[in-house]
Structure formats: C-alpha cells, structure tokens
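Here's the letter readout for the chains.
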Amino acid sequence: MSVTSVDKDLDNLTLTLIADFAAPLERVWRLWADPRQLERWWGPPSYPATVEAHDLTPGGEIAYFMTGPEGDRHRGWWRITSVSEPTALEFTDGFADDDGKPKTDMPTTSVRVRLSEHEGGTRMEMRSLFDSREQMEQMVAMGMEEGLTEAVGQIDALLAA
C-alpha cells in the first residue's frame, strides 16, 4: 500500500496522510483533476464515489455521493479555495443532505493537498484541519482515518491501469 503514514495531531487539530506513488507528479495530479479518475478512488472500496459536479478552480465546487453496500447514499461537497496545478490543492470538505445542500449540523474540514517529486515518483501529503478538538474526535470516531487510508490505498491499482 502506498500510504506511508497517518498522523493525528490533537494539539494542532490535524490529520495528515502521506502516500508515495511510483508515478510522475502530473499523473498523480490527474487523479484529482479528472472526475472519472477521482471517483475511482475517492471513498473506501465498499463506498464508491460518483462525482456529479467537478469545477477544480478557485471558488469552484465538487459535488459527489458515495454509495454504500446496502445502496445507501452519502453526499459530500468541496469548495475549492486554491489550485496550483500540478502540485497543490486546497478545499473545504463537508457533508450534504439528500438534495446536495451542505449539512450545517455536520463538521467541515479544511484540506490541503501537496504533491512533490519523491524518489523517482510522487509523494502526496493530505492534511485535514479541524475547527475544534470535538469536531476532530467526531470525524475520527466516524472512521475518517480508516476511510481515507482505504481510499488512497486504491490509487496504486488505478495508476497501474
């Protein structure tokens, strides 16, 4: 598996995942930039994603849902805050209701993705920043760490295809 570390820092309210891939930086960037590729890895294997809207520009939005094993749907959204193709992306990540509207009773996280050349391939660092310790604990209790690790763990097979 490509995930080399996951660090929970309760003092700084961050969850940081680092993964290394045997692929060029531009190829790994396309996993974010192409909605059809994004939906092949975003979400754990048992909850595949379907991307409904994909505007990877500052101020743009990405809307998606993940379908569970019982056919249940879980909607989410991103608001893109910055893009520096092919090395950086920042967005706010949140939950949505059945109509795709942001759920105000669920936490949001600020996500920073950095891609860099590393040992002939690409290193991806994904850092999620939480607003409070309670929010971070809630997301970790919901399985965020495991889900993110499983999702990113699917990237190697996608890059090999």
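Residues numbered from 1 in each chain as written. Predicted model: local features only at pLDDT ≥ 70, side-chain atom pairs only at ≥ 80, totals over all residues. Heavy atoms only, no water.

(A) Inspection of the packing of aromatic side chains at higher detail. Considering all chains together, one arrives at nine aromatic pairs under this definition. Geometrically, the ring pair formed by Trp32 and Trp41 is edge-to-face, given 5.0 Å between the ring centres and 80° between the ring planes. Seen in terms of ring centroids, Trp32 and Trp42 are 6.1 Å apart; in terms of plane orientation they differ by 55°. Their pairing is tilted. With Trp32 in helix H1 (residues 25-33) and Trp42 in the loop between helix H2 (35-38) and strand S3 (49-54), the pair connects residues that are 10 residues apart, well separated along the chain. A connected cluster of aromatic rings, assembled from ring pairs, spans Trp32, Trp41, Trp42, Tyr64, Trp78 and Phe91. Over the face of the ring belonging to Trp77 we find Arg79, whose NZ or CZ atom lies 4.3 Å from the ring centre. (Phe/Tyr/Trp six-rings, centres within 6.5 Å; stacked < 30°, edge-to-face > 60°. Helix = DSSP H or I, 4+ residues; strand = E, 2+ residues; numbered from the N terminus. Lys NZ or Arg CZ within 6 Å of the ring centre and 35° of its normal.)

(B) Up close: the sheet that holds strand S8 (residues 121-129). Taken in spatial order, the eight strands make up an open sheet running S1-S2-S8-S7-S6-S5-S4-S3, and their pairing is antiparallel. Each having just a single partner strand, strand S1 (3-9) and S3 make up the two edges of the open sheet. The sheet shows a mean angle of 20° between the axes of neighbouring strands, direction not considered. As defined by bridge partners, strand S7 (residues 109-118) adjoins S8 across nine bridges and the pair is classed as antiparallel. The residue of S8 that forms the bridge with Val111 is Ser128. Across the sheet, H1 is in contact with strand S2 (14-21), S3, strand S5 (73-84), strand S6 (88-96), S7 and S8; its angle to S7 comes to roughly 160°. Along the sheet, helix H4 (residues 144-152) makes contact with S1, S2 and S8, crossing S2 at roughly 15°. (Pairing = 2+ DSSP bridges. Axes fitted to C-alpha atoms, helices over the stretch in contact; angles between N-to-C directions. Contact = heavy atoms within 4.5 Å.)

(C) Focus on the pattern of salt bridges. All told, the structure shown has eight salt bridges when counted by the stated rule. A salt bridge links Arg112 to Glu125; the nearest nitrogen and oxygen atoms lie 3.0 Å apart. On the criterion of sequence distance, the pair formed by Arg112 in strand S7 and Glu125 in strand S8 is long-range, its members being 13 residues apart. For Arg112, a relative accessible area of 22% corresponds to the partly exposed category. For Glu125, a relative accessible area of 25% corresponds to the partly exposed category. Its salt-bridge partner being Arg133, residue Glu137 comes within 3.2 Å of it at the nearest N-O pair. With Glu137 and Arg133 both in helix H3 (residues 133-141) and four residues apart, this pair spans about one turn of that helix. The class for Glu137 is partly exposed, based on a relative accessible area of 40%. (Salt bridge = Lys/Arg side-chain N within 4 Å of Asp/Glu carboxyl O. Buried < 20%, exposed > 50% of the residue type's maximum accessible area, 1.4 Å probe, protein only.)

(D) Layout of H4. Most of H4 is tucked away, with seven of its nine residues classed as buried. For H4, the complete set of buried residues consists of Met144, Glu145, Gly147, Leu148, Thr149, Ala151 and Val152.

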